[in-house]
Amino acid sequence: MLEITNAVKVFAKGTPIEHTALNHLNLTLTDGEFVTVIGSNGAGKSTLFNAICGTFLLDKGRILLDGTDLTHMPEHKRALMIGRVFQDPMKGTAPHMTIEENLSLAHSRSTARPLSFAPSKKQTALFRDRLAAFHMGLEDRMKTQVGLLSGGERQAVTLLMCTIVTPKLLLLDEHTAALDPATAEQVMEITRKTVETYRLTTMMITHNISQALTTGTRTLMMDEGEVLFDMDGAGRARMTVDDLMRMYSGTRHKALDSDRMLLKK
Ligand SMILES: Nc1ncnc2c1ncn2[C@@H]1O[C@H](COP(=O)(O)OP(=O)(O)OP(=O)(O)O)[C@@H](O)[C@H]1O
Ligand SMILES: [Mg+2]
């Protein structure tokens, strides 16, 4: 499904601040996998997502998605196949447009219909059904401007915009990190349900290690632009946050250090 081979990205090449953000990274995801991604600040997690989405081109390496070579494809073309939700609830939706208009744009963008924010009756019914499944009451507020919604509600609308037409890959970059704990849990629940119902191949960056180990089917720990640990199955199920920290210090000969990563539950 997703196949990344020997990905290299060096920022500020040839200057004193040269930094290798992706260091010969290899990664293969199979269809329907839900992979969580952890790693300290600057490990290269968001850079990996940027590389997949085409925010920049790789210096070396290759990216295949469902048999299509993305390596040199422009970002806007990749966006038709990839859904992405960011940490900032302000990103991803147009604040002065209503929920319905935002969804309509997202829906028509990826279908044969001309670009439109006036939904058809059929679309309105689809949006209402999908919003109702979130149990946030958003189905009764479809004519509300998105800018008036809370952060959690906006993330829910963004998630729906990214999945209203099933993407080949869903990328979530700490999409609950800016929310209060109760709202974050609500958005996580919606995320789990959406991924499961539509069998979405998903990567989710989180700074909550315990959540990473218990969500989805596989967990990657990134470090210095590489995948340091790749965990799944029984090994992952048994893994505790302490085990992971011990594994890290055993391999890197230093303590796992991050001011944002939750090292305890
Ligand atoms: N456009 C850029 N130009 C220069 N350096 C960059 C750029 N994007 C990322 N970097 C650097 O690459 C490294 C990896 O950054 P990245 O954003 O991928 O980290 P991250 O793992 O997502 O960390 P965080 O947990 O803080 O979000 C960092 O040192 C960062 O400063
Ligand atoms: Mg990041």
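Preceding this paragraph is the structure being described.
Structural notes, computed from the coordinates. (Residues numbered from 1 in each chain as written. Chains lettered and ligands numbered in written order. Predicted model: local features only at pLDDT ≥ 70, side-chain atom pairs only at ≥ 80, totals over all residues. Heavy atoms only, no water.)

A short note on the pattern of salt bridges
Selection criterion: The working definition used for a salt bridge is a side-chain nitrogen of Lys or Arg within 4 Å of a carboxyl oxygen of Asp or Glu. For helices the rule is a DSSP run of H or I covering at least 4 residues; for strands it is a run of E covering at least 2, with both sets numbered from the N terminus onward. Type-normalised accessible area, obtained with a 1.4 Å probe on protein chains alone, sets the label of each residue: buried when under 20%, exposed when over 50%, and partly exposed for intermediate values.
Tallying each qualifying case throughout the model produces 13 salt bridges. A salt bridge links Asp59 to Lys9, with the shortest nitrogen-to-oxygen separation between them at 3.8 Å. Of this pair, Asp59 sits in the loop between helix H1 (45-53) and strand S4 (60-65) while Lys9 sits in strand S1 (residues 2-11), and the two are 50 residues apart along the sequence. With a shortest N-O distance of 3.2 Å, Arg141 and Glu153 are connected by a salt bridge. With Arg141 in the loop between helix H4 (121-132) and helix H5 (151-163) and Glu153 in helix H5, this pair connects stretches of sequence that are 12 residues apart. On the basis of relative accessible area, Arg141 is assigned to the partly exposed category, the value being 28%. Glu153 gets classed as buried once you look at its relative accessible area, which sits at 16%.

What to know about helix H3 (residues 99-109)
For clarity, the cut-off: Any two residues having at least one pair of non-hydrogen atoms within 4.5 Å are treated as being in contact.
Of all 11 residues in H3, eight are buried, a share of seventy percent or more. Within the sequence span of H3, burial applies to Ile99, Glu100, Asn102, Leu103, Ser104, Ala106, His107 and Ser108. At its buried positions, H3 is contacted by H4 and H5.

Points about the nonpolar core
Basically, it comes down to this: Nine residue types can take part in a nonpolar core, namely buried Ala, Val, Leu, Ile, Met, Phe, Trp, Tyr and Cys, and a core is a set of them joined through side-chain atoms within 4.5 Å.
With 29 residues, the main nonpolar core has Leu2, Ile4, Leu48, Ile52, Ile82 and Met203 as its most contacted residues. Elements supplying a minimum of two residues to this core: S1, strand S2 (19-29), strand S3 (34-38), H1, S4, strand S7 (169-173), strand S8 (202-205) and strand S9 (218-223). One finds Ala106, Leu160, Ile164 and Leu172 within the second-largest nonpolar core, a separate group that totals 27 residues.

Regarding the packing of aromatic side chains
As a reminder of what qualifies: Whether two aromatic rings pair depends on their centres lying within 6.5 Å, for rings of Phe, Tyr and Trp, where Trp uses its six-membered ring; planes under 30 degrees apart make the pair stacked, over 60 edge-to-face, and the rest tilted. Working rule: Lys NZ or Arg CZ, within 6 Å of ring centre, within 35 degrees of ring normal, means a charge sits over the ring.
One pass over the full model with this rule turns up one aromatic pair. Here Phe11 and Phe56 contribute two aromatic rings whose centre-to-centre distance is 5.7 Å and whose plane-to-plane angle is 90°, an arrangement assigned as edge-to-face. One end of the pair, Phe11, is in strand S1; the other, Phe56, is in the loop between H1 and S4, with 45 residues separating them in the sequence. Judged by its relative accessible area of 33%, Phe11 falls in the partly exposed class. Of note, Lys91 hangs over the ring of Phe86, and the distance from its end group to the ring centre comes to 4.4 Å.

A short note on the pairing of S7
For the record, the criterion: Only strands joined by at least two bridges in the DSSP assignment are considered to pair.
Taking burial as the measure, the five residues of S7 include five buried ones, the bulk of the element. Going residue by residue along S7, you find Leu169, Leu171 and Asp173 tucked away on one face and Leu170 and Leu172 tucked away on the opposite face as well. Sheet topology note: the strand S6 (residues 82-85)/S7 ladder contains four bridges and is parallel. For Val85, the partnering residue across the bridge sits in S7 and is Leu172.

Describing the packing of H3 against H4
Spelled out, the test is: In this analysis an axis means a line fitted to C-alpha atoms, helices contributing only their contacting stretch, and an angle means the value between N-to-C directions, from 0 to 180 degrees. Oblique is the label for every angle not falling under 35 degrees (roughly parallel), over 145 degrees (roughly antiparallel), or within 65 to 115 degrees (roughly perpendicular). In this classification, Asp, Glu, Lys and Arg are treated as charged, Ala, Val, Leu, Ile, Met, Phe, Trp, Tyr, Cys and Pro as nonpolar, and every other residue, Gly included, as polar.
Running from N to C, H3 and H4 cross one another at 110°; their axes reach a closest spacing of 10 Å. By the angle between their directions, the pair H3 and H4 is classed as roughly perpendicular. Along the contact surface, H3 presents Ile99, Glu100, Leu103, Ser104, His107 and Ser108, while H4 presents Gln123, Thr124, Leu126, Phe127 and Leu131. Each residue belonging to the contact of H3 with H4 can be placed in one class, and the counts come to five nonpolar, five polar and one charged.

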